[in-house]
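Summary of structural features
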Amino acid sequence: MRVVRSFVVASVFLRLWGVSSWAQNASRLETVMGISGRQKPATPLLAPQDFQDHVVNGKLVLSLDDSIRLALSNNTDIHLDRYQIEIAENNLHRVYAPFDPLLTSGFSDQRAKSPTSTQLQGASILDSLTQQTQIGYSQTFQTGTNFQSSFIADKASTNSSFNFLNPSLATALQFTVTQPLLRNRGLFPNRAPIMIAQRNLKQAHASFLGEVNNIILVIVGSYWNVVLARENLSVQQKSLDEAQKSYDHDKKALSLGALPPLDIYRSESQVASRRVGVIQAEYAVKRAEDQFREGIGADIDPAIRVLDLEMTDGPEPVGALPNVDIPTALARAIANRPELEAVHQQLAVDQLSIRLAHNGLKPDLELSGFYTGNGLAGNDLAVGNTGLGNTLSQSFRFAYPAYGASLSLTLPVRNHSAEANLADSLVSRRHDQYQERATNQSITLEVTTSVHSLEAAKLGMEAAKVAVDLARETLHADERKYELGTEQIFFVLDAQTQLAIAELSLIQSQVNFQLAVTQLDHATGDLLEHHHVQIVEPAK
């Protein structure tokens, strides 16, 4: 066994040493090849913004609107969703690439010596020097027209006795225009990728706005969850105080002999039970606050994370309660919801793709024409050296022109690729039509559910107010009867419990009303407007 154990340990050590050696060798190789060179570090993320404006006496004091604005500035999901707009903008910039002008240039130099086999080559050992300079310009316009121009200068020198210009300079200035006549003719097939990218950018904006609305809906819910958890803690603490008060009263009565010894346990158990409720409510507050901090980005900076939260908005409605009918809410939703705008932009993209696919089925017929000006100069034994200026003058004046035209036709017998592209575009349009229907159905259901929830919340809130008043009156009556000795402590404790339940139900109904209003604003697309928020694109 010792031998086997030693062998296993040695094997593991050798394997780890081999991996380490390979990693070190790979690192050296990368260094030699320049792969692992020092790279510029990424720009650090922005620090959380605007929190210091809401710090008062060591607390983070926030209203609901303050929380929404902080979420818009610091919520991580919003930052992630915003990048889809930048990607769409970059893609729009990219689709202009086919229309970018292109300037090219080149120079080559070649010298050669070769033996000759005939006197007609002009020398026993032919020595030649050839130098060429090229400059070109090309551009495709949005009509499909392609324009090209080029200038070529050749210098040739040789020891052949038959060359009457030595060295010689030849230049050529050429212009070429090519125009598609069927496929890719006109503005649409060439501008279609641009229009599609513009639609995609609008769709990205609409999708981003929809995501922001969803996140703000979550933030509002988190805000009211904190308020509800704190109100619940307050009700639980008040219930505990009432139970403690009854327990102290019973202890005093027991010491005076006015209460049987066994009856003290009822009030004492109520104190213990309600203390458990307080502890649970305290931790519920902590959980709700942590979720809220994460939503507004207050958990990123440790200095902000440790601050206590103070919510300035209460759940009780202020002013007249809103009355909304379903047809009006549906009309606003259809006009405002960014999800519908995103689907409409996608349908517009599908329509453009179908037209572009039809263009791909057309034959490729192109008309091309060129015009060239030639020039030649050099060292003539009879005339002398005419120089570069002469050949340039000949080329630019088109003293020795060459011109021509061509017509080319590419007619595919079958074009499976273009047919498949058209079929894909038609399928995509049908899919997005159903997607539009599904979005309309979803929005309609959300609107009707929100209107019904708002009406139910208003009725529930009114009923909860009546229940609290009745529970409070019942408690006062039971306390009075208990003090007069006509009723047992059980009824007082039960009345305290019922009052706590009624008060918590009232707070829950008020929070439900606030959430119903927010849900309706989200359903109709009015959420940001009602909170006075406008999303502005940052300056580039």
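Residues numbered from 1 in each chain as written. Predicted model: local features only at pLDDT ≥ 70, side-chain atom pairs only at ≥ 80, totals over all residues. Heavy atoms only, no water.

Glancing now at the overall build of the protein. Assigned secondary structure in the protein consists of 12 helices and 10 strands. Counted over contacts in the protein with a minimum sequence separation of 6, partners at least 24 positions apart contribute 78%. With the model as given, the accessible surface of the protein reaches about 32700 Å², and the carbon-plus-sulfur share is 57%. (Helix = DSSP H or I, 4+ residues; strand = E, 2+ residues; numbered from the N terminus. Contact = heavy atoms within 4.5 Å. Areas by Shrake-Rupley, 256 points an atom, 1.4 Å probe, with all protein chains shown as cover.)

The next subject is the packing of helix H2 (residues 64-74) against helix H3 (residues 76-94). At their nearest, the axes of H2 and H3 sit 6 Å apart, and the two run at 50° to each other. Accordingly, the angle class assigned to the pair H2 and H3 is oblique. The chirality of how H2 crosses H3 is right-handed. Packed against H2, whose contacting residues are Ala71, Leu72, Ser73 and Asn74, the element H3 presents Thr76, Ile78, His79 and Arg82 at the interface. (Axes fitted to C-alpha atoms, helices over the stretch in contact; angles between N-to-C directions. Parallel < 35°, antiparallel > 145°, perpendicular 65-115°, else oblique. Left-handed = near helix turned anticlockwise from the far one by under 90°.)

When you line up the elements, Asp350 lands in helix H8 (residues 338-360). Here Asp350 is buried and forms no salt bridge, its nearest opposite-charge partner Arg429 lying at an N-O distance of 6.9 Å. Apart from residues no more than four positions distant in its own chain, Asp350 is found in contact with Ser428, Arg429 and Asp432. (Buried < 20%, exposed > 50% of the residue type's maximum accessible area, 1.4 Å probe, protein only. Lys, Arg positive; Asp, Glu negative; His and termini not counted. Salt bridge = Lys/Arg side-chain N within 4 Å of Asp/Glu carboxyl O.)

This next bit is on the environment of Thr474. Structurally, Thr474 can be placed in helix H10 (residues 416-483). C-alpha separation for the pair Thr474 and Val492, spaced 18 residues apart in sequence, amounts to 8.9 Å.

Moving on, we come to a nonpolar patch on the surface. Taken together, Leu182, Leu409 and Leu411 make up a surface patch of nonpolar side chains, about 290 Å² in accessible area. Structurally, the position occupied by Leu182 is in the loop between strand S6 (165-180) and helix H4 (187-255). For Leu182, a relative accessible area of 34% puts it in the partly exposed group. (Patch = residues over 30% accessible without salt bridge, like charges linked within 9 Å, V, L, I, M, F, W, Y side chains within 5 Å.)

The description of an aromatic ring pair rests on the distance of the ring centres and on the angle between the ring planes. Within the structure shown, the criterion is met by 7 aromatic pairs. In textbook terms, an aromatic cluster arises when at least three aromatic residues are bridged by ring pairs, as seen for Phe147, Phe175, Tyr371, Phe398 and Tyr403. Lying across the ring of Phe188, Arg355 places its NZ or CZ 3.6 Å from the centre. (Phe/Tyr/Trp six-rings, centres within 6.5 Å; stacked < 30°, edge-to-face > 60°. Lys NZ or Arg CZ within 6 Å of the ring centre and 35° of its normal.)

With that settled, the discussion passes to the pattern of salt bridges. This model, assessed by the stated rule, comprises 10 salt bridges. With its nearest N and O atoms 3.1 Å apart, the salt bridge here joins Arg414 to Glu419. The exposure class of Arg414 is exposed, given its relative accessible area of 52%. Of the residues examined, Glu419 reaches a relative accessible area of 34% and is grouped as partly exposed. Among the ionic contacts, a cluster of salt bridges with common partners joins Lys238, Asp469, Arg472 and Glu503.

With mixed pairing, the 3 strands of this open sheet are ordered in space as S1-S2-S7. Each edge of the open sheet carries a strand with a single partner, namely strand S1 (55-56) and strand S7 (308-311). With 2 bridges joining them, S1 and strand S2 (residues 59-62) adopt antiparallel strand pairing. Paired with Val56 across the bridge in S2 is Lys59. (Pairing = 2+ DSSP bridges.)

Before going further, it helps to examine the nonpolar core. Leu60, Ile216, Phe292 and Ile296 are the most contacted members of the largest nonpolar core, which has 46 residues in total. Sort the elements by how many residues they give to this core and H4 lands first, with 17 residues. Listed in part, the 13 residues of the second largest apolar core include Ala329, Ala333, Val451 and Ala457. (Core = buried A, V, L, I, M, F, W, Y, C linked by side-chain atoms within 4.5 Å.)

Attention now goes to the environment of Ser207. Along the chain, the position of Ser207 falls in helix H4. For the pair Ser207 and Pro338, spaced 131 residues apart in sequence, the C-alpha to C-alpha distance is 6.6 Å. Contact partners of Ser207, with chain neighbours within four places excluded, come to Gln84 and Ala342.

Moving on: the confidence of the model for the protein. Chain-level pLDDT for the protein is 85 on average; 85% of the residues reach the 70-or-more range. Overall, residues 1-5 carries pLDDT values under 50, and its contacts beyond four positions in sequence, including any with other chains, amount to 0 contacts. The low-confidence segment residues 16-24 (pLDDT under 50) makes 0 contacts with residues lying over four places distant or belonging to another chain. (pLDDT = per-residue confidence, 0-100.)

A word on the pairing of strand S3 (residues 102-115). Of all 14 residues in S3, 0 are buried; the element is thus mostly exposed. Note that S3 and strand S4 (residues 125-140) share 14 bridges and pair antiparallel. Looking at S4, one finds that Gln110 is bridged to Thr130.

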